[in-house]
Number of protein chains: 2
Amino acid sequence: MPDTSTATPASLTQTLADSGLRATPQREVVFNVLLKKRDHPTADEVFARVKAELPTISLATVYNCLETLVQCRVVRAVNFERGPTRYCPNLRPHAHFHDEQSGSTHDIDLPPELLEQVKAVLPPGYDANAVEITFRGRSAS
Amino acid sequence: MPDTSTATPASLTQTLADSGLRATPQREVVFNVLLKKRDHPTADEVFARVKAELPTISLATVYNCLETLVQCRVVRAVNFERGPTRYCPNLRPHAHFHDEQSGSTHDIDLPPELLEQVKAVLPPGYDANAVEITFRGRSAS
DNA sequence: GCATATTTTTAGAACAATTCTAATTATCAC
DNA sequence: GTGATAATTAGAATTGTTCTAAAAATATGC
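Here goes a summary of the coordinates provided. (Residues numbered from 1 in each chain as written. Chains lettered and ligands numbered in written order. Predicted model: local features only at pLDDT ≥ 70, side-chain atom pairs only at ≥ 80, totals over all residues. Heavy atoms only, no water.)

Counting secondary structure elements, chain A contains five helices and five strands. Secondary structure elements in chain A, listed N-terminal to C-terminal, are α-α-α-α-β-β-β-β-α-β. In terms of C-alpha radius of gyration, chain A reaches 19 Å, well past the compact-globule figure of 14 Å for 141 residues. Taking the principal axes of the C-alpha coordinates as reference, chain A spans close to 50 × 40 × 35 Å. Residue burial in chain A is summarised as follows: out of 141 residues, 44% are buried. With an accessible surface of roughly 7500 Å², chain A has 52% of that area assigned to carbon and sulfur atoms. (Helix = DSSP H or I, 4+ residues; strand = E, 2+ residues; numbered from the N terminus. Rg over C-alpha atoms; globule rule 2.2 N^0.38 Å. Buried < 20%, exposed > 50% of the residue type's maximum accessible area, 1.4 Å probe, protein only. Areas by Shrake-Rupley, 256 points an atom, 1.4 Å probe, with all protein chains shown as cover.)

Below, the structure written as structure tokens:
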């Protein structure tokens, strides 16, 4: 079975085409940079690395390319709670559901045992003092 | 059993004192604003609401108060992945572990059934198309 | 109570991450 | 090739947040 858990430079062209987008050098280099060193770089860091190969690329293009790759689902944006920080006084263990339609955020109570189960996936040597679970999607109400 | 899942205006004074901090009007009003309308307001929104009662308060103070309340654990900051967005090409279902010491982020593979269990806590009417799980803490390596 | 030290607040400047804008360049369909 | 569309560019603008230095409030030792 081929590994489909990561896109390849070859499949990128096809994936872009499937979305009616072009495989430009900038997009390819940005993607290759992400494949080469998987340390979850920021846009700025990607910019710095891409410059080595495309010295004239602009930061705006890096943002554009990253956004495109995320749209095509060949790259994930890790911190996708982008906007401003929000505050809540609910101290129960709970997750957050972000309604993409209304922009509102709802608390979702979490059974403590589920939190334990989630923490249990951590390999030895990892000690988490906080777990944040965020859903995104639509809610009826 | 008293409900300890939310701090009260009365307990706030004590909680602050326990941390060697003062219960100032600004801190109290900021906290009351969060209790009054639990819609996960941003700092700007809190600022606007607090102004109704303390017209001369500054935005910096609101940030300071919120930070203080979070430190005392009477308030949670929802989007605590604050820094820049990070990107990864790993398309497997995975969580992220953020090492607070080194600042590095590691992928934690998630068994698909765990993701299902997590999604199962959503009440009827909630439809999530994405779940983000982030750990924070220390990792040995 | 008073002087002094400490904490907190304030206004505004500074900063960092991101998005927007308008002009230029590249690519596609014909 | 020509015209339409897509993508890139540089730089300005915007947003959310933090910093700074001074002023105000509060606590503490006397």
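With that out of the way, let us pick up the packing of aromatic side chains. Throughout the structure, instances matching the rule amount to four aromatic pairs over all chains. Taken together, a centroid distance of 4.8 Å and an interplanar angle of 85 degrees make the contact between Phe97(A) and Tyr126(B) edge-to-face. Of this pair, Phe97(A) sits in strand β3 (residues 94-99) while Tyr126(B) sits in strand β5 (residues 126-139), on two different chains. Residue classification places Phe97(A) among the buried positions, given a relative accessible area of 0%. Three or more aromatic residues link up through ring pairs in this structure, and these residues are Phe97(A), Phe135(A) and Tyr126(B). (Phe/Tyr/Trp six-rings, centres within 6.5 Å; stacked < 30°, edge-to-face > 60°.)

With the rule as written, the count across this model stands at eight salt bridges over all chains. Note that Arg76(A) and Glu132(B) form a salt bridge whose closest N and O atoms lie 3.6 Å from each other. Here Glu132(B) lies in strand β5 and Arg76(A) lies in strand β1 (residues 76-77), a pairing that spans two chains. When sorted by exposure, Arg76(A) lands in the same class as Glu132(B), which is buried. Salt bridges here are not isolated pairs; linked through shared partners, they connect Lys37(A), Asp39(A) and Arg49(A). (Salt bridge = Lys/Arg side-chain N within 4 Å of Asp/Glu carboxyl O.)

So, about the protein's contact with DNA strand D. Around DNA strand D, a shell composed of 19 residues is seen, among which Thr24(A), Arg27(A), Thr61(A), Thr85(A) and Tyr63(B) lie nearest. Here, DNA strand D places atoms within 4 Å of the protein, and 82% of those atoms are sugar or phosphate. Contact between DNA strand D and Gln26(A): a sugar or linking oxygen at 3.1 Å from a side-chain N or O atom of the residue. The backbone of Thr56(A) places a nitrogen or oxygen atom 3.5 Å from a phosphate oxygen of DNA strand D. Secondary structure elements with two or more residues in the surface near DNA strand D: α2 (25-36) and α4 (59-71) of chain A together with α4 (59-71) of chain B. Taken together, the residues that form the surface near DNA strand D break down as seven nonpolar, seven polar and five charged. (Near = heavy atom within 4 Å. Polar contact = N/O pair within 3.5 Å; in protein donor to acceptor, adjacent residues only side chain to side chain. Nonpolar A, V, L, I, M, F, W, Y, C, P; charged D, E, K, R; others polar.)

Residues and elements named next belong to chain A. With respect to the element layout, Ser104 can be found in the loop between β3 and β4 (105-109). Residue classification places Ser104 among the partly exposed residues on the basis of a relative accessible area of 25%. Sequence separation between Ser104 and Tyr126 is 22 residues, and the spatial gap between their C-alpha atoms is 33 Å. Contact partners of Ser104, with chain neighbours within four places excluded, come to Phe97, His98 and Asp99. (Contact = heavy atoms within 4.5 Å.)

Another point: the relation of the copies chain A and chain B. Once chain A is rotated about the relating axis by 180 degrees and shifted along it by 0.0 Å, it coincides with chain B to within an RMSD of 0.1 Å. Taken together, the rotation and translation describe the operation of a two-fold axis. In terms of C-alpha distance to the rotation axis, chain A has Ile133(A) as its closest residue, with the C-alpha 2.3 Å off the axis. Looking at the interface residues of chain A, 100% of them are also at the interface in chain B, so both copies use one shared face. (Least-squares fit on C-alpha atoms with pLDDT ≥ 70 in both.)

Before going further, it helps to spend a moment on the nonpolar core. With 26 residues, the main nonpolar core has Val118(A), Ile133(A), Phe135(A), Val118(B), Ile133(B) and Phe135(B) as its most contacted residues. Of all the secondary-structure elements, those providing two or more residues to this core are β3, α5 (112-119) and β5 (126-139) of chain A together with β3 (94-99), α5 (112-119) and β5 of chain B. With residues near it in sequence (within four places) discarded, Phe135(B) still touches Val118(A), Lys119(A), Val121(A), Leu122(A), Ala128(A), Ala130(A), Val131(A), Ala95(B), His96(B), Phe97(B) and His98(B). (Core = buried A, V, L, I, M, F, W, Y, C linked by side-chain atoms within 4.5 Å.)

Along the chain, Ser58(B) falls in the loop between α3 (43-53) and α4. Separated by 36 residues in sequence, Ser58(B) and His94(B) have C-alpha atoms that sit 41 Å apart.

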